[in-house]
Amino acid sequence: MNVLLISPLWKGMEDFFLKGKSECHGMPAFYEVFIRLLRDDKINNIHLLLFGDFAETELIIPPTEHSKKLIVHPIKYNYKNKPFYSLLEGYKIGKQLIRNDNITKLMGFGYPAGLTYFLRTKKITTEQRRIFGVSSMFEDLQNWKPILFLKHPLIYLSLSLPCDNLFITNDGSHGDKVFNKIGSKKTKHFHFLYNGVDFKYSLTKRDMPTLLTFIGRIYEWKGQHYLIDALSILKRKYNKQPKTFIIGASSDDAYTQSLIDKRDAESLVNVHFKGGVRKEEALDYLKNSTLTFSLYQTSNLGNVFIEALSVGTPIVAANINDSLAHIPSNAYVLIDNYNPNNIAETIYNLIEDNEALNRISQCALTFCSKNFPNWEDRARLEIEHLLNN
């Protein structure tokens with residue numbers, strides 16, 4: 001069986017494709033499915049149309065252990081350089097591969113996933129898509145469909161064009177409501193699911209001093225500035241400077257520099273920017289945090305929130321857009337808003353109250369064990385729909 005995959009070059013997968021390193025630095029919902037496809041004995045070859053803003057000198061060097069099965073076709077793509085031309089190039093390559101390489105399965109990830117619709121032929125037995133992060137579309141959902149298309153053309157096509165299976169993660173982005181408005185009634189199966197967790201990392205915490213973490217790409221939408229502002233207040237008002245790690249690759253260099261400048265101006269000597277780290281390292285930081293934070297603009301039920309529950313680390317978050325409606329409030333630290341004074345008070349009260357932290361931790365572990373699948377089962381669900389239909 002030969003499979004044609006379509007995907008952007010995710011930030012957390014750059015080392016995989018450009019440096020030949022097997023580990024993932026982020027985007028587990030892509031990596032966990034992708035790596036199991038590579039290891040599946042039913043699949044002979046995987047052709048990957050990989051869209052990215054590649055430099056002229058960059059070479060695709062996937063890990064050696066996957067080099068026989070994985071054939072990568074890089075396609076230069078960026079938002080400034082007429083992206084639909086890149087999709088047309090992908091279409092031409094994809095059509096040729098389907099004709100010549102006996103491809104029978106199509107799977108699209110992220111913004112170029114709608115390309116599967118145009119590539120489908122009678123040879124294709126399954127056409128499947130996996131869409132991530134539709135929260136920006138949810139914010140605009142009150143607009144007419146033509147306006148939605150003009151603002152979000154690629155994701156709109158990926159959702160609105162019919163396919164056999166369409167997956168969206170229940171990450172608080174209200175993908176079900178977006179699909180109900182613009183999704184095709186001809187799509188055979190719509191799956192709106194939680195992401196998985198790695199329970200193997202749910203180990204006993206080390207006995208460490210107070211540690212705060214904010215894990216996620218550094219991007220204004222993520223809200224790292226709220227934590228920096230709160231830590232400034234915590235220092236001035238309570239003379240507290242807990243060790244704090246902001247962990248994640250920069251997706252906005254100007255924003256990242258503004259955070260560093262604010263840290264330096266406020267002399268927050270215990271705030272450290274760690275950059276992107278391996279998944280295992282990120283989970284180790286998370287597991288050993290006293291508190292972690294999710295202060296996103298549209299929703300807070302993302303990967304870090306779920307992973308915090310799985311390791312019993314209290315996570316501070318607001319129920320933005322009712323994104324945490326299905327999570328009991330005793331399993332995390334609920335705040336009403338992102339006012340830095342409010343966040344600072346919350347931090348101070350909790351780092352002084354180990355009993356409260358332990359209660360939240362136990363509630364989180366209990367809820368997660370009953371409601372979230374492990375990644376092996378969760379990823380296998382997507383793969384089985386692709387391979388067995």
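These figures come from a predicted structure and were not determined experimentally.

Chemist: What should I look at first to understand unusual backbone geometry in this one?
Modeler: Keep in mind that most residues, glycine aside, have a negative phi and that most peptide bonds are trans. Even without being a glycine, N239 presents a positive backbone phi close to 55°. Tracing the backbone through its elements, the reader meets N239 in the loop between α9 (224-238) and β9 (243-247). For N239, a relative accessible area of 64% corresponds to the exposed category. Unusually for a residue other than glycine, N321 sits at a positive phi of about 50°.

Chemist: For this particular structure, what's the right way to read the sheet that holds strand β5 (residues 126-131)?
Modeler: The strands making up a sheet are joined through hydrogen bonds of the backbone, oriented either antiparallel or parallel. If you walk across this open sheet you meet the seven strands as β3-β2-β1-β4-β5-β6-β7, and the pairing is parallel. Each edge of the sheet is formed by a strand with only one pairing partner; in this case those strands are β3 (70-76) and β7 (189-193). Direction aside, neighbouring strands of the sheet carry axes that sit 15° apart on average. Across the sheet, helix α3 (residues 83-100) is in contact with β1 (2-8), β2 (45-52), β3 and β4 (103-109); its angle to β2 comes to roughly 170°. Where helix α7 (residues 153-160) meets the sheet, its contacts fall on β5 and β6 (165-169), and the angle it forms with β5 comes to roughly 135°.

Chemist: Any chance you could explain a nonpolar patch on the surface here in plain terms?
Modeler: Taken together, the side chains of Y85, L88, Y91, Y117 and F118 define a hydrophobic patch exposed on the protein surface, amounting to about 500 Å² of accessible area. Taken together, the elements giving at least two residues each to the nonpolar patch come down to α3 and α4 (115-119). The dominant element in the nonpolar patch, judged by the number of residues it contributes, is α3, at three residues. Locating Y91 in the fold gives a position in helix α3. The partly exposed category is assigned to Y91, whose relative accessible area is 30%.

What counts, and where the lines are drawn
- Here the residue index of a chain counts from 1 through its sequence in written order.
- For this predicted model, a pLDDT threshold of at least 70 governs which residues receive local features, and a threshold of 80 or more governs which side-chain atom pairs are given and counted, while totals over whole chains, interfaces and linings are taken from all residues.
- In computing side-chain values, all of the structure's heavy atoms are included and hydrogens and water are not.
- Numbering goes from the N terminus for both helices and strands, where a helix is a DSSP run of H or I of at least four residues and a strand is a run of E of at least two.
- Note on classification: 1.4 Å probe, protein chains only; a residue is buried when its accessible area is under 20% of the maximum for its type, exposed when over 50%, partly exposed between these limits.
- For two strands to pair, DSSP has to find at least two bridges joining them.
- Axis definition: a line fitted to C-alpha atoms, over the contacting stretch in the case of helices. Angles run 0 to 180 degrees between N-to-C directions.
- We call two residues contacting when some pair of their heavy atoms lies within 4.5 Å.
- Each patch is built from residues that are more than 30% exposed by relative accessible area and take part in no salt bridge. Like charges join if they lie within 9 Å; nonpolar side chains (Val, Leu, Ile, Met, Phe, Trp, Tyr) join within 5 Å.
- Accessible surface area values rest on a Shrake-Rupley calculation with a 1.4 Å probe, where residue burial reflects the displayed protein chains alone.
- Here, a salt bridge means any Lys or Arg side-chain nitrogen found within 4 Å of an Asp or Glu carboxyl oxygen.

Note that all results are geometric; they support no functional claim without further evidence.
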